[in-house]
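Here is what each chain is made of, one letter per residue.
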Amino acid sequence: MSKQQPAQFTNPETPGYVGFANLPNQVHRKSVKKGFEFTLMVVGESGLGKSTLINSLFLTDLYPERIIPGAAEKIERTVQIEASTVEIEERGVKLRLTVVDTPGYGDAINCRDCFKTIISYIDEQFERYLHDESGLNRRHIIDNRVHCCFYFISPFGHGLKPLDVEFMKAIHNKVNIVPVIAKADTLSLKERERLKKRILDEIEEHGIKIYHLPDAESDEDEDFKEQTRLLKASIPFCVVGSNQLIEAKGKKVRGRLYPWGVVEVENPEHNDFLKLRTMLITHMQDLQEVTQDLHYENFRSERLKRGGRKIEDEEVNKDQILLEKEAELRRMQEMIARMQAQMQMQRQAGEGDGGAVHGHHV
Amino acid sequence: MFKGPVESKNEAAMSELVPEPRQKPVVPMKPTGINTNLLGYIGIDTIIEQMRKKTMKTGFDFNIMVVGQSGLGKSTLVNTLFKSQVSRKSSSWNREEKIPKTVEIKAIGHVIEEGGVKMKLTVIDTPGFGDQINNENCWEPIEKYINEQYEKFLKEEVNIARKKRIPDTRVHCCLYFISPTGHSLRPLDLEFMKHLSKVVNIIPVIAKADTMTLEEKTEFKQRVRKELEVNGIEFYPQKEFDEDLEDKTENDKIRQESMPFAVVGSDKEYQVNGKRVLGRKTPWGIIEVENLTHCEFALLRDFVIRTHLQDLKEVTHNIHYETYRAKRLNDNGGLPPMTVETEENHESNL
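Residues numbered from 1 in each chain as written. Chains lettered and ligands numbered in written order. Predicted model: local features only at pLDDT ≥ 70, side-chain atom pairs only at ≥ 80, totals over all residues. Heavy atoms only, no water.

Some thoughts on the sheet that holds strand 3 (residues 117-125) of chain B
Residues and elements named next belong to chain B.
- Taking strand neighbours across the sheet as the criterion, the six strands line up as 2-3-1-4-5-6 in an open arrangement whose pairing is mixed. Two strands bound the open sheet, and with one partner strand each, they are strand 2 (106-114) and strand 6 (261-262).
- Sheet topology note: the strand 1 (residues 60-67)/strand 4 (residues 173-178) ladder contains four bridges and is parallel. Residue valine 67 lies in a different strand from strand 4, and its bridge partner there is tyrosine 176.
- Helix 6 (residues 214-230) contacts strand 4, strand 5 (202-206) and strand 6 of the sheet and is inclined by roughly 150° relative to strand 5. (Pairing = 2+ DSSP bridges. Helix = DSSP H or I, 4+ residues; strand = E, 2+ residues; numbered from the N terminus. Contact = heavy atoms within 4.5 Å. Axes fitted to C-alpha atoms, helices over the stretch in contact; angles between N-to-C directions.)

Here is the structure:
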């Protein structure tokens with residue numbers, strides 16, 4: 001162990017030290033250079049505070065020229081998918097964040113077909129990734145799969161609505177669902193607790209699989225374990241979003257100004273915004289992993305089992321089968337008509353009074 | 001002094017089929033100011049006192065309907081309006097009540113007394129409205145209920161021997177609760193109000209208004225007013241029924257500035273500045289229900305109860321009910337609907 005040489009290769013402290021413990025640092029440096037990709041989908045009725053929350057979370061303005069349509073226009077509209085990508089850089093780490101918005105969800109009088117568009121979007125991304133993965137050039141696969149879906153529950157109701165239940169059941173096997181209650185300043189603390197409990201009960205009752213935070217490893221420090229415990233206990237998160245700076249208690253905070261007081265976005269006693277942000281940031285990696293290992297693999301095995309036949313093929317087959325069955329039906333009907341005619345002739349020839357009508361209908 | 005186009009419309013429709021137009025209920029005429037030099041005091045003005053005494057003895061009916069998605073605070077608001085538990089809240093978490101699959105109509109009656117005046121208040125709740133995945137035509141049960149009440153009243157009226165005071169179950173006022181999204185009305189709101197503003201007095205109300213800051217509130221109200229106007233929805237007080245200039249200016253102010261009322265309801269009391277007030281307690285302050293700087297509950301209450309209660313009943317009787325009646329008579333070829341039932345009623349009345 002010489003300290004005089006400016007060592008290019010770190011001298012081992014103990015004999016037998018190879019140095020591959022340095023590997024995580026290399027991985028870290030490479031991924032920092034490559035940057036991270038994350039796709040977040042937000043789903044919820046209009047006016048629940050989705051855009052404000054996204055802007056608050058990432059401290060940007062993702063929707064600069066936004067025109068909010070009136071009710072009459074909403075009658076005609078169907079669900080759209082709008083993806084906006086933003087590159088955020090913090091301390092040298094680049095994040096390519098895509099936010100997929102779903103305007104029109106839950107607006108129509110009849111929301112039966114609300115989620116078809118959304119589900120086919122998610123499947124499309126999986127399909128594209130599968131295609132790229134099986135292709136020849138795999139160096140630059142862009143991962144547009146949806147890693148996480150924030151589902152917004154209305155704070156005004158008494159729990160989940162029928163639409164919420166149906167939608168979550170339809171996508172819980174395709175994407176990580178994080179239920180969020182925005183505009184939480186509508187609720188007093190007691191009302192919040194009741195609503196959270198009610199929602200959790202209903203989620204369990206209907207067998208909806210939401211994203212579960214992984215438990216802290218046993219070798220993590222106590223603070224992290226405590227933090228994870230707190231986060232797990234607060235789902236679903238009750239948040240308030242805002243990018244307006246208000247003067248409160250002598251300093252400028254982000255919040256909402258009411259005649260009766262100021263709601264601070266980053267105050268843990270006022271809402272769970274900080275918890276949501278912590279969860280998202282510390283578990284971004286895990287969300288991506290679960291998407292890859294669970295949802296994508298499910299999709300892939302289903303797809304490959306179908307043998308590369310797309311869904312349209314199945315429908316064409318159905319049409320063919322239908323045509324065949326119709327032809328068969330026609331044949332049988334003709335046969336029956338012939339038999340009836342024969343019987344009629346026999347009767348007329350035999351008895352002479354054509355009054356007896358058997359009246360059998362097939 | 002004419003009452004405007006409404007009377008002539010009804011007369012035109014009915015004069016072809018019914019020989020004599022119905023007498024409208026007597027409304028005291030406003031003084032014309034010609035013969036103001038009375039030689040002595042006659043005592044005509046004591047009729048007001050006589051009417052008052054009569055009303056106090058008989059009491060009166062008031063039927064209010066609340067419509068809106070579940071969770072918007074309808075029951076709490078009605079309880080706050082009448083300062084008593086007239087509406088049972090569905091938010092009692094002990095009950096396992098699920099959202100009903102179709103819209104139900106639940107009418108609960110109470111008798112409230114104040115200052116010697118008895119009011120038979122009926123609150124008509126509509127659970128299940130707007131809560132399903134498919135809400136098409138979810139207003140039909142409501143429309144049917146309203147028309148059924150008109151039908152009931154009509155049948156009583158055309159009876160040969162009819163009751164002295166026909167029980168009035170007609171809906172005098174319908175509070176429609178708009179969700180405070182801050183964006184605009186929902187398609188369902190528009191459809192409902194389009195269909196029902198022609199049969200009943202609709203008062204749109206923005207529920208849970210403590211969600212919005214002052215600017216958001218003003219913006220939202222403006223947008224809602226504009227949307228209602230663009231879609232031709234006439235909410236109460238309807239422009240065409242303003243009787244004179246005085247009414248018109250007063251109602252114009254309400255229509256263009258205050259409505260729809262942004263309200264907050266509560267049945268809990270808290271101590272604020274030494275007084276006990278109704279309010280909602282949050283970690284960042286107490287929202288006072290009756291404080292005009294916090295929300296417009298006091299305006300709604302004064303409007304519905306203290307100033308326009310009688311007018312709501314009159315418009316229901318003179319306009320909505322008459323329109324229904326005219327339609328029914330037209331359908332029946334100009335004759336009142338004389339059915340076997342009416343004769344049975346007649347016999348039972350003897």
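The structure having been displayed, the exposition proceeds.
Remarks on the interface of chain A and chain B
- Contacts between the two partners involve 45 residues from chain A, matched on the other side by 47 residues from chain B.
- With both chains or domains summed, chain A and chain B bury close to 4,100 Å², and 58% of this area falls on carbon and sulfur atoms.
- Per-residue buried area on chain A facing chain B is highest for A:Ile109, A:Phe156 and A:Trp260; these three make up 21% of the total on that side.
- Across the contact surface, chain A and chain B share three salt bridges.
- Between B:Arg186 and A:Glu45 there is a salt bridge, and its shortest N-O distance comes to 3.9 Å.
- Counting every contact that joins chain A to chain B gives 12 residue pairs in polar contact (both at pLDDT 80 or more).
- By residue number, the principal contributor to the side of chain A that touches chain B is helix 6 (residues 189-205) of chain A, which donates six residues.
- By residue class, the composition of the side of chain A that touches chain B is 18 nonpolar, 11 polar and 16 charged. (Buried area = accessible area lost by both parts, 1.4 Å probe. Salt bridge = Lys/Arg side-chain N within 4 Å of Asp/Glu carboxyl O. Polar contact = N/O pair within 3.5 Å; in protein donor to acceptor, adjacent residues only side chain to side chain. Nonpolar A, V, L, I, M, F, W, Y, C, P; charged D, E, K, R; others polar.)

Focus: the nonpolar core
- Core analysis: the largest hydrophobic core is formed by 153 residues, its most contacted members being A:Phe150, B:Leu175, B:Phe192 and B:Ile203.
- With nine residues, the single largest contributor to this core is helix 4 (residues 114-133) of chain A.
- Setting aside residues no more than four positions away along its own chain, B:Leu175 makes contact with B:Ile64, B:Met65, B:Val66, B:Val67, B:Leu77, B:Leu81, B:Ile203, B:Val205 and B:Leu300. (Core = buried A, V, L, I, M, F, W, Y, C linked by side-chain atoms within 4.5 Å. Buried < 20%, exposed > 50% of the residue type's maximum accessible area, 1.4 Å probe, protein only.)

Overview of a negative patch on the surface
- A grouping of A:Glu217, A:Asp219, A:Glu220, A:Asp221 and A:Asp223 is seen on the molecular surface, where their side chains present a negatively charged patch.
- Along the polypeptide, A:Glu220 turns up in the loop between helix 6 and helix 7 (222-233). (Patch = residues over 30% accessible without salt bridge, like charges linked within 9 Å, V, L, I, M, F, W, Y side chains within 5 Å. Areas by Shrake-Rupley, 256 points an atom, 1.4 Å probe, with all protein chains shown as cover. Lys, Arg positive; Asp, Glu negative; His and termini not counted. Charge placed at Lys NZ, Arg CZ, Asp CG, Glu CD.)

A look at the sheet that holds strand 8 (residues 275-282) of chain B
Residue and element names in this part refer to chain B.
- Pairing is antiparallel across the open sheet formed by three strands, whose spatial order is 7-8-9. The outermost strands of the open sheet, each flanked by one partner alone, are strand 7 (269-272) and strand 9 (285-288). Sheet twist, expressed as the mean angle between neighbouring strand axes with direction ignored, is 65°.

Some words on the side chain of A:Ser234
All names here are of chain A.
- Along the chain, the position of serine 234 falls in the loop between helix 7 and strand 6 (237-238).
- A residue is classified by how much of its surface remains accessible, and serine 234, at 8% relative accessible area, is buried.
- Polar side-chain contacts of serine 234 include one of 2.9 Å to the backbone oxygen of leucine 230.
- Not counting residues up to four positions away in its chain, the partners in contact with serine 234 are Lys196, Asp272 and Lys275.

Considerations on the environment of A:Leu53
- If you trace the backbone, A:Leu53 turns up in helix 2 (residues 50-58).
- If sequence neighbours within four positions are ignored, A:Leu53 has contacts with A:Phe152, A:Val180, A:Val239, A:Gly241, A:Phe273 and A:Leu276.

Some thoughts on helix 1 (residues 23-34) of chain A
Residues and elements named next belong to chain A.
- Helix length check: helix 1, at 12 residues, gives a terminal C-alpha distance of 16 Å against a target of 16 Å (1.5 Å per residue), a fit within 8%.
- Buried residues are scarce in helix 1, accounting for one of its 12 residues.
- Glycine 35 sits one or two positions beyond helix 1 and adopts a positive phi of about 90°. (Expected span 1.5 Å × (residues − 1).)

Digging into the pattern of salt bridges
- All chains considered together, the criterion is met by 37 salt bridges over all chains.
- As a salt-bridge pair, A:Asp215 and A:Lys232 come within 3.2 Å of each other at their nearest N and O atoms. Here A:Asp215, found in the loop between helix 6 and helix 7, pairs with A:Lys232, found in helix 7; they are 17 residues apart in sequence, far enough to count as distant.
- B:Asp210 is the salt-bridge partner of B:Arg280, the closest N and O atoms lying 3.0 Å from each other. Taken as a pair, B:Arg280 in strand 8 and B:Asp210 in the loop between strand 5 and helix 6 lie far apart in primary sequence, 70 residues in all. Note on accessibility: B:Arg280 and B:Asp210 belong to one class, buried.
- Several salt bridges share partner residues, and in doing so they unite B:Glu290, B:Arg301, B:Asp302 and B:Arg306 into one network.

Focus on the packing of aromatic side chains
- Tallying each qualifying case throughout the model produces 16 aromatic pairs over all chains.
- Note on A:Phe126 and A:Tyr296: the rings are 6.0 Å apart at their centroids and 50° apart in plane angle, and the pair reads as tilted. Of this pair, A:Phe126 sits in helix 4 while A:Tyr296 sits in helix 9 (residues 284-305), and the two are 170 residues apart along the sequence. By the burial criterion, A:Phe126 is buried, and A:Tyr296 matches it.
- Linked through ring pairs, A:Tyr105, A:Phe115, A:Tyr151 and A:Phe167 together constitute an aromatic cluster.
- Lying across the ring of B:Phe153, B:Arg170 places its NZ or CZ 3.7 Å from the centre.
- When the ring centre of B:Tyr321 is taken as origin, the NZ or CZ atom of B:Arg170, which lies over that ring, is 4.8 Å away. (Phe/Tyr/Trp six-rings, centres within 6.5 Å; stacked < 30°, edge-to-face > 60°. Lys NZ or Arg CZ within 6 Å of the ring centre and 35° of its normal.)

A short note on the UniProt feature "coiled-coil region" (unreviewed entry) in chain A
- UniProt records the feature "coiled-coil region" (unreviewed entry) for residues 322-349 of chain A in the present numbering.
- Segment residues 322-349 of chain A splits into 100% helix and 0% strand. End C-alpha atoms: 41 Å apart. (UniProt positions renumbered as here; feature names shortened; annotations may be inferred.)

Quick look at the pairing of strand 5 (residues 177-181) of chain A
Residues and elements named next belong to chain A.
- Most of strand 5 sits out of view: five of its five residues are buried.
- Covered by surrounding structure in strand 5 are Ile177, Pro179 and Ile181 together with Val178 and Val180, the residues of both alternating faces.
- A crossover links strand 4 (residues 148-153) with its parallel partner strand 5, the connecting element being helix 5 (residues 162-171), and its sense is right-handed.
- Pairing of strand 5 with strand 6, which is carried by two bridges, proceeds in the parallel orientation. If you follow valine 180 over to strand 6, its bridge partner there is phenylalanine 237. (Right-handed = clockwise from strand over helix to strand, strands pointing away.)

Observations regarding the packing of helix 4 of chain A against helix 9 of chain A
Residue and element names in this part refer to chain A.
- Helix 9 packs onto helix 4 with a crossing angle of 80° between their chain directions and a minimal axis gap of 10 Å. Here helix 4 lies roughly perpendicular to helix 9, going by the angle between them. Counting all contacts with helix 4, which are made through Asp123, Phe126, Glu127, Tyr129, Leu130 and Glu133, the residues of helix 9 involved are Thr291, Gln292, His295, Tyr296, Phe299, Arg300 and Arg303.
- Class assignment of the residues belonging to the contact of helix 4 with helix 9 gives a composition of five nonpolar, three polar and five charged. (Parallel < 35°, antiparallel > 145°, perpendicular 65-115°, else oblique.)

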